[in-house]
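Read off the chains here:
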Amino acid sequence: MPLLALETMLCPLDQYPLHRDAKTWRCSNNHCFDIAKQGYVNLLPVQNKKSLDPGDSQVMIQARRQFLDSGAYAPLGHALAEKVGELSTKNSALSILDAGCGEGYYLNTVCNSLLAARPELALTATGLDISKWAVRATRSRNVGLNGLVASNRQIPLPDNSQDILLCTFGFPVFSEFQRVVKAGGHIIMVDPGPEHLIELRQQIYEDVKRSPPSSLSAGISNEWQLSSERSLQFTTPVLSAELFEQLLIMTPHLYRASKAGRERAAKLEQLALSADVSIRVISHRA
């Protein structure tokens, strides 16, 4: 079964339901949002933008796509697909939201795995990102993925509409995450562990901090619980100078590093990196 299209969204201006009318989404107050030629919808109001082109730039998204397509982070994609498969064994229909989808690599990996194992699954998958370049890339990766330009602070989807929400190296807004996920649903958080990319960070920074993932307890209500936690470690293939350049562009390290740190990082090549990520599942106490 092919991936399914969204049937309802929320107007970012008044939170009334949006319904599709040909190439436009419209609410009862006649607020209209056109579907871009790439198939996504921009639901980020101008007043909510902090810049003319918010989020990751086109260059950053291109670098991330090239790096991830190399297979360097394939073990993480497979681990996410496995976890989503475990959590959805009883679902005949499944709605997944990737909140901060980037260029769509992880969401697409999850969907491909689900449909390969269960072709009959009625699957609706949506990638949301504040960057239009990210959402465009997600749609170009798989036109079956729904694409929304929006913020995690105001997710334009109805209450209790998603079975699983992914947030991979993203910026969580748990009040919104909990609002859109159904009773009995799950939020999957992926965050860097203390040894993540340690070889790269040792080259960039004079003082390397090995910080554990931030606590999730502050943003979670009593109706939710941490149901599983896994630390995933793997080693990337040996990376070329080109892949190191792409990795630097797609991460915040390039912009946080000193001039000397950037110069040292620019010389890196033919080196494998340690990946260390935390995969935590927050489940609704249905």
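Source: prediction; values computed, not measured.

Asks: For this particular structure, what's the right way to read the overall build of the chain?
Replies: Each helix and strand counted, the chain has nine helices and 12 strands in total. Against the globule reference of 19 Å for 286 residues, the chain gives a C-alpha radius of gyration of 19 Å, in line with a compact fold. Its C-alpha atoms give the chain principal-axis dimensions of about 55 × 40 × 35 Å. In the chain, once contacts between residues fewer than 6 apart in sequence are set aside, the share between residues at least 24 apart is 68%.

Asks: Could you clarify how one ought to interpret the packing of helix α1 (residues 58-69) against helix α4 (residues 132-141) in this entry?
Replies: The relative placement of two packed helices comes down to the angle between their axes together with the axis-to-axis distance. With their axes 9 Å apart at the nearest point, α1 and α4 run at an angle of 35° to one another. As for how α1 packs across α4, the hand of that crossing is right-handed. Along its contact with α1, which presents Gln58, Ile61, Arg65 and Asp69, the element α4 presents Trp133, Ala134, Ala137, Ser140 and Arg141.

Asks: It is not clear to me how the sheet that holds strand β2 (residues 17-21) should be interpreted in this structure. Could you clarify?
Replies: Paired through their backbone hydrogen bonds, the strands of a sheet run either parallel or antiparallel. Taken in spatial order, the four strands of this open sheet run β1-β2-β3-β4, and their pairing is antiparallel. Here the strands that pair on one side only, and so sit at the sheet edges, are β1 (9-10) and β4 (32-34). Where β2 lies against strand β3 (residues 24-26), three bridges are found, and the strand directions are antiparallel. Along β3, the bridge assignment pairs arginine 20 with tryptophan 25.

Asks: I keep staring at the pattern of salt bridges and nothing clicks. Help me out?
Replies: A side chain of one charge can pair with a side chain of the opposite charge when the charged atoms of the two come close. In total, this model carries 12 salt bridges according to the counting rule given. Between glutamate 86 and lysine 83 there is a salt bridge, with its nearest N and O atoms 3.1 Å apart. Remark: lysine 83 and glutamate 86 occur in helix α2 (residues 74-87); sequence separation between them is three residues, near one turn of the helix. Shared partners join several salt bridges into a network, and the residues in it are Arg65, Asp69, Glu103 and Arg141.

Asks: Would you explain the pairing of strand β12 (residues 274-284) in this entry?
Replies: The buried fraction of β12 amounts to 10 of the 11 residues, a majority that puts the element mostly inside the structure. By the bridge criterion, seven bridges tie strand β10 (residues 181-192) to β12 in an arrangement that is antiparallel. Bridging from a neighbouring strand, isoleucine 188 pairs with valine 281 of β12. Bridge analysis of strand β11 (residues 224-235) against β12 gives 11 bridges, and the strand direction is antiparallel. Within β12, the residue paired with glutamine 233 across the bridge is aspartate 276.

Rules of the game
Residues numbered from 1 in each chain as written. Predicted model: local features only at pLDDT ≥ 70, side-chain atom pairs only at ≥ 80, totals over all residues. Heavy atoms only, no water. Helix = DSSP H or I, 4+ residues; strand = E, 2+ residues; numbered from the N terminus. Rg over C-alpha atoms; globule rule 2.2 N^0.38 Å. Contact = heavy atoms within 4.5 Å. Axes fitted to C-alpha atoms, helices over the stretch in contact; angles between N-to-C directions. Left-handed = near helix turned anticlockwise from the far one by under 90°. Pairing = 2+ DSSP bridges. Salt bridge = Lys/Arg side-chain N within 4 Å of Asp/Glu carboxyl O. Buried < 20%, exposed > 50% of the residue type's maximum accessible area, 1.4 Å probe, protein only.

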